[in-house]
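Overview (structure and organization)
One letter stands for each residue in the lines below.
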Amino acid sequence: MSESHRLPFVLFVGMWAGVVGLAALAVPLLVRRLGRECAWTAIHPMLALADVLGVWAGALGAVVLFLGRTGYGWAWATAMGLVALMATVSLYDRAVLLPSLDAATKRVLADPDPRWESEWRFLWRMAAWGRWLTFGMAWGAALCAFAA
């Protein structure tokens, strides 16, 4: 990767890591502090915005990574693969997990059946793992940029 493209790529991936890391830390804290019902009204738009901002930052990072390519080394390929996986996880979160979690939250609040609670907890954990996985992949992509 060329030196002139390394810094913009790391900045874009760092922005994505910052947005996702902030969301990963803020979501459980808000739920504990405000309760599930009150927190969900604040969390839902925040998570949707975090996913959109992250994917856009990642897309810009992928363009910079592509334009700064000096060869097809393992570090460049790994960074590009991690950015693609991060985009996939974020788009899945936005398109599938958030609507499912929204429906599960409404269902649990309307009927506190243990079956619905179990479904909500599963979706909640899946979304949290996706955010932390994206955060880790962002760090990996940034480290690969320095190895390239």
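Residues numbered from 1 in each chain as written. Predicted model: local features only at pLDDT ≥ 70, side-chain atom pairs only at ≥ 80, totals over all residues. Heavy atoms only, no water.

Once that is clear, we can look at the environment of Ala 84. Relative to the assigned elements, Ala 84 resides in helix H3 (residues 74-110). Measuring from C-alpha to C-alpha, the distance between Ala 84 and Ala 145 comes to 15 Å, with 61 residues separating the pair along the chain. (Helix = DSSP H or I, 4+ residues; strand = E, 2+ residues; numbered from the N terminus.)

What follows concerns the nonpolar core. Of all hydrophobic cores here, the largest spans 24 residues; its most connected members are Phe 9, Val 13, Trp 16, Leu 65, Val 83 and Ala 141. Listed by contribution, the elements that provide at least two residues to this core are helix H1 (3-34), helix H2 (36-67), H3 and helix H4 (114-147). Leave out the neighbours within four places in its chain, and Leu 65 touches Met 1, Phe 9, Trp 76, Ala 79 and Met 80. One finds Val 31, Leu 47, Val 108 and Trp 124 within the second-largest nonpolar core, a separate group that totals 18 residues. (Core = buried A, V, L, I, M, F, W, Y, C linked by side-chain atoms within 4.5 Å. Buried < 20%, exposed > 50% of the residue type's maximum accessible area, 1.4 Å probe, protein only. Contact = heavy atoms within 4.5 Å.)

This part is about H3. When the terminal C-alpha atoms of H3 are compared, their 51 Å separation across 37 residues agrees well with the 54 Å that a helix rising 1.5 Å per residue should span. Largest kink in H3: about 40°, centred on Asp 93. (Expected span 1.5 Å × (residues − 1). Bend = angle between axes of the 7 residues up to and from the residue.)

Another point: a nonpolar patch on the surface. Together, Tyr 92, Val 96, Phe 122 and Met 126 make up an exposed nonpolar region whose accessible area comes to about 350 Å². Counting residues per element, the ones that place at least two in the nonpolar patch are H3 and H4. Structurally, the position occupied by Tyr 92 is in helix H3. Take Tyr 92: its relative accessible area is 39%, and that puts it in the partly exposed class. (Patch = residues over 30% accessible without salt bridge, like charges linked within 9 Å, V, L, I, M, F, W, Y side chains within 5 Å. Areas by Shrake-Rupley, 256 points an atom, 1.4 Å probe, with all protein chains shown as cover. Salt bridge = Lys/Arg side-chain N within 4 Å of Asp/Glu carboxyl O.)

Let's shift gears to the packing of aromatic side chains. Scanning all chains against the criterion turns up four aromatic pairs. Ring geometry for Trp 120 against Trp 124: centres 4.9 Å apart, planes inclined by 20°, an arrangement best described as stacked. Residue Trp 120 and its partner Trp 124 are located together in helix H4, separated by four residues, close to a single helical turn. Ring geometry for Phe 135 versus Trp 139: centroids 6.5 Å apart, planes at 70°, classification edge-to-face. Here Phe 135 pairs with Trp 139, and both are found in helix H4, just four residues apart, close to one helical turn. An aromatic cluster of three or more residues is present, and its members are Trp 132, Phe 135 and Trp 139. We note Arg 36 situated over the ring of Trp 120; from NZ or CZ to the ring centre the distance is 4.0 Å. (Phe/Tyr/Trp six-rings, centres within 6.5 Å; stacked < 30°, edge-to-face > 60°. Lys NZ or Arg CZ within 6 Å of the ring centre and 35° of its normal.)

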